[in-house]
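# Structural description and commentary
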Amino acid sequence: MSDTVKEENGQTVALVILDRFSMNAFSSVVEPLRLANRVLGRDYYQWKTYSLDGNSVAASNGCEIKADFSVKDLHDADITLLCTGLDVERLPLDADLGNRLRRLNAMGRTFGAVCTGSYLLARYHLLDGRRCTIHWENLRSLREEYPHLDVTGDIFTIDRNCMTCAGGM
């Protein structure tokens, strides 16, 4: 498929929401896409939410978001973003999520994380050899736990097909 055809069809964004994710970071992804669609007068950007099991996930503020799908259904979105928040370092690694993220990376798809999601990407070894950023409260611990990573204090970082953002940006 040519890039021109792809551009006409729009972009698909997969938002993987994990327990205690940041509603601010989540909204900072979804709302600009919604507003862009409004300005364009069509649904150029389409997004779906994914959780580990396909069930609702509670944000750090207690609000729940109903996931559209399970990560088992995560296949080939144009952009896949992890949306996490508090206590990300305590989240168990999910084999399905890790395998699907590695597959998307191997396919050259864009992936990344907002808020504290870079911590999980590091645990899945998807940040090796890349620049990244993370929420300022987790910056020091990520650098200490993964000294081989190039962790910046920037608000956002793009390194090849990997995008990371420090929070609600």
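Residues numbered from 1 in each chain as written. Predicted model: local features only at pLDDT ≥ 70, side-chain atom pairs only at ≥ 80, totals over all residues. Heavy atoms only, no water.

### Let's talk about the overall build of the protein chain
- Along the backbone of the protein chain there are five helices and eleven strands.
- Relative to the 2.2 N^0.38 estimate, which gives 15 Å for 169 residues, the radius of gyration of the protein chain is 15 Å and therefore close to what a compact globule would have.
- Expressed as lengths along the three principal axes of its C-alpha atoms, the size of the protein chain is roughly 45 × 35 × 30 Å.
- A separation threshold of at least 6 residues defines the contact pool for the protein chain, and within that pool the share at least 24 residues apart is 64%.
- On the protein chain, roughly 8800 Å² of surface is accessible, and the fraction owed to carbon and sulfur atoms is 49%.
- Averaged over its 19 positive side-chain charges, the protein chain has a centre that lies 1 Å from the centre of its 23 negative ones. (Helix = DSSP H or I, 4+ residues; strand = E, 2+ residues; numbered from the N terminus. Rg over C-alpha atoms; globule rule 2.2 N^0.38 Å. Contact = heavy atoms within 4.5 Å. Areas by Shrake-Rupley, 256 points an atom, 1.4 Å probe, with all protein chains shown as cover. Lys, Arg positive; Asp, Glu negative; His and termini not counted. Charge placed at Lys NZ, Arg CZ, Asp CG, Glu CD.)

### Topic: the sheet that holds strand β11 (residues 162–165)
- In spatial order, the strands read β5-β2-β1-β6-β7-β11-β10; together these seven strands make up an open sheet with mixed pairing. Each edge of the open sheet is held by one strand with a lone partner, namely β5 (69–70) and β10 (156–159).
- Pairing between strand β6 (residues 79–83) and strand β7 (residues 110–114): five bridges, direction parallel. In the strand pairing of β7, Thr 80 is matched with Phe 111.
- Packing against the sheet, helix α2 (residues 23–40) makes contact with β1 (11–17), β2 (45–51), β6 and β7, and its axis sits at approximately 155° to β2.
- In the packing of helix α3 (residues 95–106) onto the sheet, contacts are made with β1, β6 and β7, and the angle to β6 comes to roughly 145°. (Pairing = 2+ DSSP bridges. Axes fitted to C-alpha atoms, helices over the stretch in contact; angles between N-to-C directions.)

### Observations concerning the layout of surface pockets
- When its volume is computed, the second largest pocket comes out at roughly 270 Å³.
- Looking at the second largest pocket, it is lined by 19 residues, and the ones nearest its centre are Thr 12, Val 13, Asp 76, Ala 77 and Asp 78.
- Those elements giving two or more residues to the lining of the second largest pocket turn out to be α1 (3–9), β1 and β2.
- Broken down by class, the residue content of the lining of the second largest pocket amounts to seven nonpolar, six polar and six charged. (1 Å grid on protein atoms, 1.4 Å probe; cavity = no way out; pocket = protein on both sides within 12 Å on 5 of 7 lines; lining within 4 Å. Points joined across faces, edges and corners; volume = space filled by probe spheres on them. Nonpolar A, V, L, I, M, F, W, Y, C, P; charged D, E, K, R; others polar.)

### What about the pattern of salt bridges?
- Applying the stated criterion across every chain yields a total of ten salt bridges.
- One salt bridge connects Arg 20 with Asp 87, and the closest N-O pair in it is separated by 2.4 Å. Of this pair, Arg 20 sits in the loop between β1 and α2 while Asp 87 sits in the loop between β6 and α3; the two residues are 67 residues apart in sequence, bridging distant segments of the chain.
- Its relative accessible area of 33% is what places Arg 20 among the partly exposed residues.
- For the salt bridge of Arg 109 with Asp 76, the shortest nitrogen-to-oxygen distance reads 3.9 Å. Of this pair, Arg 109 sits in the loop between α3 and β7 while Asp 76 is found in the loop between β5 and β6, placing the two residues 33 residues apart along the sequence.
- Relative accessible area serves as the criterion here: at 43%, Asp 76 is assigned to the partly exposed category.
- Among the ionic contacts, a cluster of salt bridges with common partners joins Arg 20, Asp 87 and Arg 90. (Salt bridge = Lys/Arg side-chain N within 4 Å of Asp/Glu carboxyl O. Buried < 20%, exposed > 50% of the residue type's maximum accessible area, 1.4 Å probe, protein only.)

### Description of the state of the cysteines
- Throughout the structure, instances matching the rule amount to zero disulfides.
- Here Cys 132 stays free of any disulfide, with the sulfur of Cys 162 as its closest cysteine sulfur at 7.3 Å. (Disulfide = S-S within 2.5 Å.)

### Observations regarding the confidence of the model for the protein chain
- Averaged over every residue, the pLDDT of the protein chain is 91; the share at 70 or more is 95%.
- Counted against residues more than four places away or in other chains, residues 1–6, with its pLDDT under 50, gives four contacts. (pLDDT = per-residue confidence, 0-100.)

### Section: the side chain of Thr 116
- Within the secondary structure layout, Thr 116 lies in the loop between β7 and α4 (118–123).
- A polar contact is formed between the side chain of Thr 116 and the side chain of Thr 84, at a distance of 2.6 Å.
- Of note is the side chain of Thr 116, whose polar atom sits 2.8 Å from the backbone oxygen of Gly 85.
- Setting aside residues no more than four positions away along its own chain, Thr 116 makes contact with Thr 84, Gly 85, Val 88, Ile 134, His 135 and Asn 138. (Polar contact = N/O pair within 3.5 Å; in protein donor to acceptor, adjacent residues only side chain to side chain.)

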